[in-house]
Amino acid sequence: MVKAIRKFCSAVERTCFVQKPFNYDHHGDDWELASDVRCGKQQSPIAINRKKICLSKASKLHFLNYHKPLAGPLKFHNTGTTAKLYFSAVEDGTLPGICGCVLESVYQAVQMHFHWGSESSKGAEHTIDGVRHDGELHIVHKNCAYSTKSEAMCSPDGFVVLAILLRAVTKPKVEPVGLNKILQQVKQLQEFGSITTIKPQMKMNELFANIKTDEFFSYKGSLTTPPCVEAVNWFVFPKALEVGKKYLRHFWCLQDSYDKLVINNYRNLQDIHDRTVYFRSMM
Ligand SMILES: [Zn+2]
């Protein structure tokens, strides 16, 4: 069975997962997607409505090596559609990851990237009770049961993405120290394709600042960028993280391969269909 899946995946890899360029001119409505994805019933992002959630009794998420400094240096890249940071192992060579809650496997942290708006618009992907925040950070984890990203893309349990909503303020009540180390470098990424490295030692759990990680919405969804495969367990933290506007505004100066500004890089909200959104509150 596993062999059959692998064979299928390597065929799919050759045909579907070749990354074609895309942009956010129509927030994803014009992306060329495979027909099963286009008609998919588990697409992301979604509008989360607190009146329609189901309370979850699942255990908490467990964060593995999130408290240890990453060995680095970490590569930070202007991909033309986002600013993406690739994680390294921690200093003893093991990888940061998550498990627990409803997850049946360990998921390894691979990369994180941002979605943002512009001077005059907000750019988070998920909305909560109709509110769209200024930006959204996605921490992407791959199921360790699959050796390649393409293999994970073929599987409904391929990825876990943690979504942290961002609110731009003049002075955050609690400075997100870890995130600031990264945001300070965004101004180095203005040109399409540029890469910078983050040298200061950073621990994954510094990214959360004062976000309570045992309280979250969760649902089954998709990647929000092509190929938009339905391979993601989403965990969305309800409280937005305050970040300095002086940092967030650097994103608005990033350029794509046509020298156009990368702004409002969010996909339009997708139909929830008959999916259940769970909410785990602190117990
Ligand atoms: Zn994303």
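Computed from a predicted model, the values in this text were never measured in an experiment.

Calculation notes
Residues numbered from 1 in each chain as written. Predicted model: local features only at pLDDT ≥ 70, side-chain atom pairs only at ≥ 80, totals over all residues. Heavy atoms only, no water. Pairing = 2+ DSSP bridges. Helix = DSSP H or I, 4+ residues; strand = E, 2+ residues; numbered from the N terminus. Core = buried A, V, L, I, M, F, W, Y, C linked by side-chain atoms within 4.5 Å. Buried < 20%, exposed > 50% of the residue type's maximum accessible area, 1.4 Å probe, protein only. Contact = heavy atoms within 4.5 Å. Donors = N, O, S within 2.8 Å, 3.2 Å for Na, K, Ca; no water. pLDDT = per-residue confidence, 0-100. Salt bridge = Lys/Arg side-chain N within 4 Å of Asp/Glu carboxyl O.

**Q** Can you help me understand the sheet that holds strand 9 (residues 131-132) in this one?
**A** Strands belonging to one sheet form pairs held by backbone hydrogen bonds; the direction of such a pair is parallel or antiparallel. Here we have three strands laid out as an open sheet, ordered 1-8-9, and mixed in their pairing. Looking at the sheet topology across the chains shown, the edges are occupied by strand 1 (47-48) and strand 9. Two elements, strand 8 (residues 127-128) and strand 9, share two bridges in a ladder whose sense is antiparallel. Each bridged residue has a counterpart across the sheet, and for I128 the counterpart in strand 9 is V131.

**Q** Looking at this structure, how should I read the nonpolar core?
**A** Generally speaking, a soluble globular protein has its nonpolar side chains buried in company with each other. Counting residues in each nonpolar core, the largest one holds 46 residues, and the members touching the most others are M112, F114, I139, L162 and L179. Elements with a contribution of two residues or more to this core: strand 4 (74-78), strand 5 (83-86), strand 7 (107-116), strand 10 (135-143), strand 11 (159-169), helix 4 (177-183), strand 15 (241-244) and helix 5 (245-248). Considering every element that reaches this core, the biggest residue donor is strand 7, with five residues. With near-sequence residues (within four places) excluded, M112 lies in contact with A83, K84, L85, F87, L137, H138, I139, L179, I182 and L207.

**Q** Please explain the coordination of the zinc ion as it appears in this structure.
**A** The expected angle between donors at a tetrahedral four-coordinate metal is 109.5 degrees. At an octahedral six-coordinate metal it is 90 or 180 degrees. Those protein atoms acting as donors to the zinc ion are H113 (NE2), H115 (NE2) and H138 (ND1), and they sit at 2.0 to 2.1 Å. Between the donor residues of the zinc ion, the gaps in sequence give the motif H-x1-H-x22-H. When its relative accessible area of 11% is taken as the criterion, H113 is described as buried.

**Q** What should I look at first to understand the confidence of the model for the protein in this one?
**A** Low-pLDDT portions of the prediction should not be read for the details of their coordinates. Per-residue confidence for the protein gives a mean pLDDT of 92; residues scoring 70 or more make up 93%. In the model, residues 10-15 has pLDDT below 50 throughout and makes three contacts with residues more than four positions away in sequence or in other chains.

**Q** Explain the pattern of salt bridges here, please?
**A** When the charged atoms of two side chains with opposite charge come close together, those side chains can pair. A complete count under the given rule lists nine salt bridges for this structure. For E119, the salt bridge identified is with R249, shortest N-O distance 3.0 Å. One end of the pair, E119, is in the loop between strand 7 and strand 8; the other, R249, is in the loop between helix 5 and strand 16 (278-280), with 130 residues separating them in the sequence. What makes E119 exposed here is its relative accessible area of 51%. Judged by its relative accessible area of 35%, R249 is partly exposed. The salt bridge involving D134 is made with K122; its shortest N-O contact spans 3.1 Å. Here K122 lies in the loop between strand 7 and strand 8 and D134 lies in the loop between strand 9 and strand 10, a separation of 12 residues in the sequence. On the basis of relative accessible area, D134 is assigned to the buried category, the value being 16%.

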